[in-house]
Amino acid sequence: MNGGISLRKIKPNAKKMIALAAIVAASALVYQFADVDTRHFGFAMGIRTPKLAVMLLSAFCIGCASIVFQSLINNTVVTPCLLGMNTLYVLIHTTVIFTLGPASSVVTIKPLSFGTDLVIMAIAAVSMYGWLFKKTRGNVLYILLAGTVMSTLFSSVTSTMQRVMDPNEYEVLQNALIASFHKVNSGIILFSLAAVVAVTLFLKEDLALLDVITLGKDQAINLGVDYDRTTRRLLVGVTILIGVATAMVGPISFLGLIIANLSRQLFRTFRHTYLTFGSAFIGMAVLLAGQALIEHAFSFSTNISVFINAGGGAYFLYLLLKNRGAGA
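Residues numbered from 1 in each chain as written. Predicted model: local features only at pLDDT ≥ 70, side-chain atom pairs only at ≥ 80, totals over all residues. Heavy atoms only, no water.

Enquirer: Quick question: what am I supposed to make of the overall build of the protein here?
Expert: Across its full length, the protein holds 16 helices and 0 strands. Its C-alpha atoms give the protein principal-axis dimensions of about 60 × 55 × 40 Å. Relative to its 328 residues, the protein shows a buried fraction of 49%. Taking contacts inside the protein between residues at least 6 apart in sequence as the whole, the part at least 24 apart equals 77%. Total accessible area on the protein is roughly 16,300 Å²; 66% of this is exposed by carbon and sulfur atoms. Averaging the locations of the 24 positively and 13 negatively charged side chains of the protein gives two centres separated by 11 Å. (Helix = DSSP H or I, 4+ residues; strand = E, 2+ residues; numbered from the N terminus. Buried < 20%, exposed > 50% of the residue type's maximum accessible area, 1.4 Å probe, protein only. Contact = heavy atoms within 4.5 Å. Areas by Shrake-Rupley, 256 points an atom, 1.4 Å probe, with all protein chains shown as cover. Lys, Arg positive; Asp, Glu negative; His and termini not counted. Charge placed at Lys NZ, Arg CZ, Asp CG, Glu CD.)

Enquirer: Looking at this structure, I do not really get the packing of aromatic side chains. What am I missing?
Expert: For any pair of aromatic rings, geometry is given as the distance between the ring centres together with the angle between the planes. Inspection of the entire model under this criterion finds 2 aromatic pairs. A ring pair is formed by Phe-33 and Phe-41, whose centres lie 6.2 Å apart and whose planes are at 10°; its orientation type is stacked. Looking at Phe-41, the relative accessible area reads 39%, which means it is partly exposed. Taking 6.0 Å as the distance between ring centres and 25° as the angle between the ring planes, the aromatic pair formed by Phe-267 and Tyr-274 counts as stacked. You can call Phe-267 buried: its relative accessible area is 2%. When the ring centre of Phe-202 is taken as reference, the NZ or CZ atom of Arg-233 above it lies at 4.3 Å. (Phe/Tyr/Trp six-rings, centres within 6.5 Å; stacked < 30°, edge-to-face > 60°. Lys NZ or Arg CZ within 6 Å of the ring centre and 35° of its normal.)

Enquirer: Is there a simple way to explain the packing of helix H9 (residues 189-202) against helix H13 (residues 227-249) in this structure?
Expert: Helix packing for two helices is described by the angle between their axes and how far apart those axes are. It is at 10 Å that the axes of H9 and H13 come closest, and there the two elements cross at 170°. The angle between H9 and H13 places the two elements in the roughly antiparallel class. Contact with H9, carried on its side by Ser-192, Ala-195, Val-196, Val-199 and Phe-202, involves Arg-233, Gly-237, Ile-240, Leu-241, Val-244 and Met-248 of H13 and no other residues of that element. For the contact of H9 with H13, the class distribution of residues is 8 nonpolar, 2 polar and 1 charged. (Axes fitted to C-alpha atoms, helices over the stretch in contact; angles between N-to-C directions. Parallel < 35°, antiparallel > 145°, perpendicular 65-115°, else oblique. Nonpolar A, V, L, I, M, F, W, Y, C, P; charged D, E, K, R; others polar.)

Enquirer: Explain helix H7 (residues 140-163) here, please?
Expert: An α-helical turn contains 3.6 residues, so a residue and the one three or four places further along point in the same direction. In this model, H7 (24 residues) spans 35 Å end to end at C-alpha, consistent with the 34 Å of a helix rising 1.5 Å per residue. Burial in H7 covers these residues: Val-140, Ile-143, Leu-144, Ala-146, Gly-147, Met-150, Ser-151, Phe-154, Thr-158, Met-161 and Gln-162. Its buried side turned inward, H7 meets helix H3 (41-73), helix H4 (85-100), helix H6 (110-136), helix H8 (167-177) and H13. (Expected span 1.5 Å × (residues − 1).)

Enquirer: Got a minute to help me understand the environment of Gly-63 in this structure?
Expert: Following the sequence through the fold, Gly-63 ends up in helix H3. C-alpha separation for the pair Gly-63 and Gly-278, spaced 215 residues apart in sequence, amounts to 8.1 Å. Once residues lying within four places of it in the same chain are set aside, the contact partners of Gly-63 are Ile-259, Ser-279 and Ala-280.

Enquirer: Explanation requested: the nonpolar core in the structure shown.
Expert: Most often, soluble globular proteins keep nonpolar side chains buried together rather than apart. Grouped together as the largest cluster of nonpolar side chains are 92 residues, with contacts concentrated most on Phe-69, Leu-88, Tyr-129, Val-244, Met-248 and Leu-287. Here the element with the most residues in this core is H3; it accounts for 15 residues. Contact partners of Leu-88, with chain neighbours within four places excluded, come to Met-121, Ala-124 and Phe-154. Listed in part, the 5 residues of the second largest apolar core include Val-77, Leu-257, Ile-258 and Tyr-315. (Core = buried A, V, L, I, M, F, W, Y, C linked by side-chain atoms within 4.5 Å.)

Enquirer: Where do I start with the pattern of salt bridges in this structure?
Expert: Close approach of charged atoms lets side chains of opposite charge pair. Overall, the coordinates contain 4 salt bridges when judged by the stated rule. Salt-bridge contacts for Arg-233 lead to Asp-206; the nearest nitrogen and oxygen are separated by 2.7 Å. With Arg-233 in helix H13 and Asp-206 in helix H10 (residues 204-208), this residue pair connects regions lying 27 residues apart in the sequence. Its relative accessible area of 19% is what places Arg-233 among the buried residues. Residue Arg-271 is joined to Asp-211 by a salt bridge in which the shortest nitrogen-to-oxygen separation is 3.9 Å. With Arg-271 in the loop between helix H14 (255-267) and helix H15 (272-296) and Asp-211 in helix H11 (residues 210-213), this pair connects stretches of sequence that are 60 residues apart. Using a relative accessible area of 43% as the deciding quantity, one classes Arg-271 as partly exposed. (Salt bridge = Lys/Arg side-chain N within 4 Å of Asp/Glu carboxyl O.)

Enquirer: Is there a simple way to think about the environment of Leu-234 in this case?
Expert: Along the chain, Leu-234 turns up in helix H13. A relative accessible area of 1% means that Leu-234 is categorised as buried. In this structure, the C-alpha to C-alpha distance between Leu-234 and Thr-302, residues 68 residues apart in sequence, is 35 Å. For Leu-234, the contacting residues outside a window of four places in its chain are Val-68, Leu-72, Leu-203, Asp-206, Leu-207 and Leu-210.

Enquirer: What exactly am I supposed to notice about H4 here?
Expert: Here H4 contains 16 residues, and its C-alpha end-to-end distance of 22 Å stays within 8% of the 22 Å for a straight helix at 1.5 Å per residue. The buried fraction of H4 is high, at 12 of 16 residues. Among all positions of H4, only Met-85, Asn-86, Thr-87, Leu-88, Tyr-89, Val-90, Leu-91, Ile-92, His-93, Thr-94, Val-96 and Ile-97 are buried. Residues of H4 that are buried make contact with helix H5 (105-108), H6, H7, H8 and H13. Within two residues after H4, Gly-101 carries a phi angle of roughly 95°, on the positive side.

Enquirer: So what exactly am I meant to see when it comes to unusual backbone geometry here?
Expert: Notably, Asn-74 is not glycine yet its phi reads approximately 60°, a positive angle. As for its placement among the helices and strands, Asn-74 is situated in the loop between H3 and H4. For Arg-268, which is not a glycine, the phi torsion comes out positive at approximately 50°. Along the polypeptide, Arg-268 turns up in the loop between H14 and H15.

This is the structure in C-alpha cells:
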C-alpha cells in the first residue's frame, strides 16, 4: 500500500521521465543482445558496445544542446546547426584531405582526427561567439544571423575546394562526411565523455538559470541574473556539445529539431530539467531504434542519417504549418 501511495504522489512529468528512461534501457538491451550467436558473443559485444556508447553520448549532446539553444533564441523551429558547426566540420575535413591527402595521419588516425575537429570547433566557438557577444552587446539574434552567414561562407569555401579535388580524394571525403554508426572508433569515446562532463560541470550554474532566462532579458536581470554572461557561456557550451557530437558521428542536422520538439510536446512545461533530459532520452531511443532497424532490417545497406534527414524535413514542415496556424 505504501508503494501505491508513493507512486500516486509522483508528478505526471516525473512518470513520463521514468517511462522514457525505461524505454531507453529496454532499447539498449534489445540492440545490444538481439540476434547474438553465443559462439561469437565476445566479438559481437566488442562491436556493439562502442556503438551503443556513441549513440547514447551523441544523443545526450544533441538533445541538451538543442533545448538550450531553442530557449536562448526563444524559437522552437531552429537548431544549433544554424551556428555553423556542421558546415565548419565539413570545411575542416575538406581542407585536411585537400591539403594533406587522404593518406594523412590526421585522416587515418581517428583519435587524432576527432581531436583536431573538436579543438578547432571549440576554439572557433569561443573566439567567434565570444567576440560577437561583445560587439552586439549580447544580441542573440545578431549572433544567429552571423552564424548563418558564416555557414554560407564555410559552404562556399568547401564547395570550391571540392570542385577541384581529385575524384579519389572526393570519394574518401564523402565517406567521412556521412553520419554513420557503422564504424565507431572506441578510442574517442572516453575523450568525448570527458569533454561532455567538463562542459556540463563548467555550465552547471548557468544551466540552472535557464528557467529564468526564458522569461526574457529584462525579467531575468530584475531577478538578479547576469543575462549577457550566462547567455554567452551557454551559447559557447551549445557549440562545443554540437562539436563533440558532430566530430563523433558526423552531421545529423534534423535530429535536434525532432527530439527537442517532441520533448516539449510530451512534457509541456517550462522546467528545463524535464525538457533537456527528455530530449536526450528521446534522442537515445530514436538512435537505438533506427540503428537496430538498419542493422537487422536493411542489413547495413543505408545510414541512419538518411531516415533522420527525411523524417526531420517532414517534421520541420509540420512545425512551420502548425506555428503559422497558431499565429493565425
